[in-house]
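Observations on the three-dimensional arrangement
So you can see what is in the structure, the chains are spelled out below.
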Amino acid sequence: MCILAVDIGQSKSVCCLYEASKQAREFVTVRTRPEAFAELITCHKPLLVVIEICPAAGWIRDLCQGMGVKLLVANTSDDAWRWRGVKRKTDRDDAWKLARMAELGHIRPVHIPEPWVRQWRQLIHYRQRLVRSCTAIKNRIRAVLQMVNVELPAGRKGFSEEVRATLTGCESKRLELCGMEELWRGALRMDLDQLHVLERHLCRVEKQLDVYAGKQEAVGRLMKAPGVGPRTAELVVALLDDVHRFSRGKQVAAYAGLAPRKYQSGQMDRDGHISHAGDGQLRALLVQASWTGIHHNVGWMREVFDRVSGGNKKRRKKAVVAVARRLLIKLWAMLRDGSEWRDPVVAKDRGVGAARGVRRRVVPAV
């Protein structure tokens, strides 16, 4: 079997052509371009192409699929890919290690979705970057105003239309018109202008995401779950993609980084903190949706939260993560079975863990 293992570089890539039956290997360097890879595959006809996960993995996946060649994408965060204690690490060493690990079956493959799903994911994450940028500018504006003893109202009221008009008209000024003692006014004007532009971009992105979400039947189905809005539903659908690649809920929780780390040695056997693997934005939205459901006394969410926390305030974070984990598994099951949301049966008479406020309520969607 001929294995083509490639260490992807920005402009050039080092390839290891490994013939497993003859234990022979050959190294070549090609440009990191589709035409160069296509020529290499056509010339050597490998049965398997192995690469590390990287930004170029998308178009390499499309190329291999079009040429009928099996592709294996390695997760470089796995323990098997650690380079601890190694005195030499080169591009050739990387390519050779990929080939050997593929031959031995030690690579856990990474799922590369279809091109339109990848683009959808990119737009979802771009929206989140815009949200973070807007939040950073708002915090900077508050800090500048606090330095001159100007206090904004808390929360969203601090950036209402009325407050912004006051800041633009009375407090801020063009930088070139500011004296040495009021340069903060110029910085404030530039931050306000930048915030206005970013919020316009954010509005355009969210409108387009709403259009895409409206075309996905699965997104509308997940939005029927308590606390789950369009942003959470679309991210779950886009990231899970092919839901049948998960055989059970524990794998879904591990994929999202909501599964605990395991520590076992001799007599010790305990669970640690969650792994934080996978997409952090997905975990954040699931936790936010869980808090919303808990505050509005959604029966099963409140029951799980009370049972895990045990009435201890120090365990509240651990309890809400447990709720988020169960929410994700329930959403995955809906996608897997093509089913609608059904409220789980809430256990009663469990002391501290007894369900409170089982009445159905309208829960704001995240």
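One can find the structure itself at the top, above this paragraph.
Residues numbered from 1 in each chain as written. Predicted model: local features only at pLDDT ≥ 70, side-chain atom pairs only at ≥ 80, totals over all residues. Heavy atoms only, no water.

1. So, the overall build of the protein chain
Within the protein chain, the regular secondary structure consists of 12 helices and seven strands. In terms of overall dimensions, the protein chain is more spread out than a globule: its C-alpha atoms have a radius of gyration of 26 Å, far above the 21 Å expected for 366 residues. On the principal axes, the C-alpha backbone points of the protein chain span a range of 75 × 70 × 45 Å. By the burial criterion, 43% of the 366 residues in the protein chain qualify as buried. (Helix = DSSP H or I, 4+ residues; strand = E, 2+ residues; numbered from the N terminus. Rg over C-alpha atoms; globule rule 2.2 N^0.38 Å. Buried < 20%, exposed > 50% of the residue type's maximum accessible area, 1.4 Å probe, protein only.)

2. Some points on the pairing of strand S2 (residues 12-19)
Burial analysis of S2 places six of its eight residues in the buried class, the great majority of the element. Pairing of strand S1 (residues 2-7) with S2, which is carried by six bridges, proceeds in the antiparallel orientation. If you follow Ile 3 over to S2, its bridge partner there is Tyr 18. Joining the antiparallel neighbours S2 and strand S3 (residues 24-31) is a turn of four residues, in which Gln 23 adopts a positive phi near 55 degrees. (Pairing = 2+ DSSP bridges.)

3. Topic: the environment of Ser 13
Along the chain, Ser 13 falls in strand S2. Residue classification places Ser 13 among the buried residues on the basis of a relative accessible area of 0%. Once the C-alpha coordinates of Ser 13 and Thr 32 are considered, the two residues, 19 residues apart in sequence, prove to be 5.7 Å apart. Contacts of Ser 13, omitting those with residues within four sequence positions, involve Val 6, Asp 7, Ile 8, Val 28, Thr 29, Val 30, Thr 32 and Phe 37. Within polar-contact distance, the side chain of Ser 13 engages the backbone nitrogen of Gly 9 at 3.3 Å. Reaching out from Ser 13, the side chain makes a polar contact with the side chain of Thr 32 at a distance of 2.7 Å. (Contact = heavy atoms within 4.5 Å. Polar contact = N/O pair within 3.5 Å; in protein donor to acceptor, adjacent residues only side chain to side chain.)

4. Focus: the environment of Ala 143
Summarising the element assignment, Ala 143 is placed in helix H4 (residues 115-147). By relative accessible area, Ala 143 is classed as partly exposed at 38%. Taking the C-alpha atoms as reference points, Ala 143 and Arg 61, separated by 82 residues in sequence, lie 47 Å from one another.

5. Here's the deal with the layout of surface pockets
Reported here for the largest pocket is a volume of approximately 1900 Å³. The residue inventory of the lining of the largest pocket, partitioned by class, reads 22 nonpolar, 10 polar and 14 charged. (1 Å grid on protein atoms, 1.4 Å probe; cavity = no way out; pocket = protein on both sides within 12 Å on 5 of 7 lines; lining within 4 Å. Points joined across faces, edges and corners; volume = space filled by probe spheres on them. Nonpolar A, V, L, I, M, F, W, Y, C, P; charged D, E, K, R; others polar.)

6. Some remarks on the pattern of salt bridges
Tallied over the full model, the rule gives 21 salt bridges. Across the pair Lys 89 and Asp 94 runs a salt bridge whose closest N-O atoms are separated by 3.0 Å. For Lys 89, a relative accessible area of 48% translates into the label partly exposed. With relative accessibility at 4%, the residue Asp 94 sits in the buried group. Its salt-bridge partner being Arg 185, residue Glu 182 comes within 3.3 Å of it at the nearest N-O pair. Given a relative accessible area of 22%, Glu 182 falls into the partly exposed group. A cluster of three or more residues bridged by salt bridges with shared partners is formed by Arg 61, Asp 62, Glu 114 and Arg 118. (Salt bridge = Lys/Arg side-chain N within 4 Å of Asp/Glu carboxyl O.)

7. Describing the pairing of S1
Taking burial as the measure, the six residues of S1 include six buried ones, the bulk of the element. Taken together, S1 and the strand that follows it, S2, pair antiparallel across an intervening segment of four residues. In this structure, S1 lies alongside strand S4 (residues 48-52), joined through four bridges in parallel fashion. Residue pairing across strands places Ala 5 opposite Val 50, the latter belonging to S4.

8. Considering the packing of helix H10 (residues 280-295) against helix H11 (residues 299-309)
Contact pair H10 / H11: the axes reach a minimum separation of 8 Å and the direction vectors enclose 100 degrees. In this view, H10 runs roughly perpendicular relative to H11, as classed from their interaxial angle. Between H10, through Ala 289, Ser 290, Trp 291, Gly 293 and Ile 294, and H11, the contact on the second element is made entirely by Met 301, Arg 302 and Phe 305. Looking at the contact of H10 with H11, its residues break down into five nonpolar, two polar and one charged. (Axes fitted to C-alpha atoms, helices over the stretch in contact; angles between N-to-C directions. Parallel < 35°, antiparallel > 145°, perpendicular 65-115°, else oblique.)

9. Examining the packing of aromatic side chains
Under the criterion given, the structure shown has six aromatic pairs. Residues Phe 37 and Trp 59 carry aromatic rings whose centres are separated by 5.5 Å and whose planes lie at 85 degrees to one another, so their mutual orientation is edge-to-face. In this pair, Phe 37 sits in helix H1 (residues 34-44) while Trp 59 sits in helix H2 (residues 57-67), placing the two residues 22 residues apart along the sequence. Judged by its relative accessible area of 3%, Phe 37 is buried. (Phe/Tyr/Trp six-rings, centres within 6.5 Å; stacked < 30°, edge-to-face > 60°.)

10. Some points on unusual backbone geometry
Phi is positive for Lys 45, close to 50 degrees, though the residue is something other than glycine. Position of Lys 45 relative to the elements: it lies in the loop between H1 and S4. Within the chain, Asp 241 stands out as a residue other than glycine whose phi angle is a positive 50 degrees. Tracing the backbone through its elements, the reader meets Asp 241 in the loop between helix H8 (230-240) and helix H9 (249-255).

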